[in-house]
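Spelled out from the first residue to the last, the chains are:
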Amino acid sequence: MTLETWREGLFNLCWQQHGGSGLTASLGDALELPTSDRDWLLERIGQQRSREAKALGQSSKRR
């Protein structure tokens, strides 16, 4: 894992998207996570963001 990848992972765990979506973990909490938990959360965040984007796209088509 590169330093840039590690930094991006921390950013994704701590970033709160506009509207309140996201985990909003503190930097301290994110740094304390075991690697396996961090990797799982990052994968799950990606899945959730994809689901939310798909739902938003579908709702805009219904208008």
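These figures come from a predicted structure and were not determined experimentally.

Novice: Just checking my understanding: could you explain the environment of Trp 6 for this structure?
Specialist: Tracing the backbone through its elements, the reader meets Trp 6 in helix α1 (residues 3–14). When sequence neighbours within four positions are dropped, the list of residues in contact with Trp 6 reads Met 1, Leu 31 and Arg 38.

Novice: Got a minute to help me understand the packing of aromatic side chains in this structure?
Specialist: Each aromatic ring pair is specified by the distance between its two centres and by the angle formed by the two planes. A complete count under the given rule lists one aromatic pair for this structure. Between Phe 11 and Trp 15 the ring centres are 5.2 Å apart and the planes differ by 25°, which places this aromatic pair in the stacked class. With a relative accessible area of 43%, Phe 11 lands in the partly exposed category.

Novice: What's the story with the environment of Leu 10 in this structure? I'm lost.
Specialist: For Leu 10, the position within the fold is in helix α1. Classification of Leu 10 by relative accessible area gives buried; the value is 9%. With 21 residues separating them in the primary sequence, Leu 10 and Leu 31 have C-alpha atoms 7.6 Å apart. Residues within four places of Leu 10 in sequence aside, it is in contact with Leu 27, Ala 30 and Leu 31.

About the criteria used
- Residues numbered from 1 in each chain as written.
- Predicted model: local features only at pLDDT ≥ 70, side-chain atom pairs only at ≥ 80, totals over all residues.
- Heavy atoms only, no water.
- Helix = DSSP H or I, 4+ residues; strand = E, 2+ residues; numbered from the N terminus.
- Contact = heavy atoms within 4.5 Å.
- Phe/Tyr/Trp six-rings, centres within 6.5 Å; stacked < 30°, edge-to-face > 60°.
- Buried < 20%, exposed > 50% of the residue type's maximum accessible area, 1.4 Å probe, protein only.

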